[in-house]
Each structure stands twice: as C-alpha cells, then as structure tokens.
Amino acid sequence: MLQPPHQPLQVAAVPAQRTPAREDDAGPWHSDAACRRDEAGLFFAPSKEPTAARLAREEAAKRVCARCPVMVECREHALMQPEPYGVWGGLTAAERRVALARRRRRDIELTAAATKAEHIAAAG
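Values in this document were obtained by computation on a predicted structure and should not be read as measured data. (Residues numbered from 1 in each chain as written. Predicted model: local features only at pLDDT ≥ 70, side-chain atom pairs only at ≥ 80, totals over all residues. Heavy atoms only, no water.)

The next thing to look at is the nonpolar core. One broad rule of soluble globular proteins: the nonpolar side chains tend to lie buried together. Of all hydrophobic cores here, the largest spans 16 residues; its most connected members are F43 and W88. Elements that contribute at least two residues to this core include exactly α1 (51-66) and α2 (71-80). When residues of this core are assigned to their parent elements, the largest contribution, three residues, is made by α1. (Core = buried A, V, L, I, M, F, W, Y, C linked by side-chain atoms within 4.5 Å. Buried < 20%, exposed > 50% of the residue type's maximum accessible area, 1.4 Å probe, protein only. Helix = DSSP H or I, 4+ residues; strand = E, 2+ residues; numbered from the N terminus.)

Written out as structure tokens, the structure is:
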C-alpha cells in the first residue's frame, strides 16, 4: 500500500502481516524508522518525474536512510517482499533488483559448490 507523495509516511505503509518481528521484541522495526518523520514523496516517485528530479529525490531519501537505525531491517524487508517501488533501506527499486539478482547467482553458485563437494566426498 503506497501513500500519495504529499502525505507523511505512516506505519500503514508497511502492513502488519508482512512486517518481520525485531529480534529484541521492542516492537516492529518500522516504528524506529527515520523516514517516519519525512514526507513519503521523498521515498516514492511522482508520476512523470524528470530524471534529474528523480535522481536528486532518491539521493535525498538515501541520506535519510543513511542515518536510520533500522536501515538493515528495512532493506531486508524490501528485498524479501519484494517491494517494487520507492527507496527502502537506502536502495532504489533498480538497486534492489540488482541485489536480488546477485543473491540468486550466489545461491546457485553455493548450491553447485555444495553438490560438487558431496560428489567428491562420496567418491572418497
């Protein structure tokens, strides 16, 4: 659920059923997010946004993310869901697609290496 760019980012932007619990049980990770104090429009693109304006907005959003105490949790949430729009955890949607592709490649390589090691061990 995305909010219009002119409204502040609220907890409802991350539905409760999709929110991972924090390990310390102090509450949902997004309750500590730095972006809760900023405009959602900083993190989500308006329609037909010019490239220069988009790049400037994304850099401003990333600066907010850089000072956020729950940036890692936010990024993992966006990668696991996956969130298709906006800046989450300091990454744009395009950067998240690249990160996910790298993870998939790494997982395939690790699986192949484990399979090879099993075959070598079995051959003794």
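Assignment of secondary structure puts D32 in the segment before α1. Classification of D32 as partly exposed rests on a relative accessible area of 34%. Considering only alpha carbons, one finds D32 and P69, 37 residues apart in sequence, at a separation of 6.9 Å.

A few words now on the packing of aromatic side chains. Across all of its chains, the model carries one aromatic pair by this definition. With centroids separated by 6.3 Å and ring planes inclined at 80°, the aromatic side chains of F44 and W88 adopt a geometry described as edge-to-face. Of this pair, F44 sits in the segment before α1 while W88 sits in the loop between α2 and α3 (93-123), and the two are 44 residues apart along the sequence. Both residues of the pair, F44 and W88, belong to the buried class. (Phe/Tyr/Trp six-rings, centres within 6.5 Å; stacked < 30°, edge-to-face > 60°.)

So, to be careful, I would describe these as geometric facts and stop short of saying anything about function.
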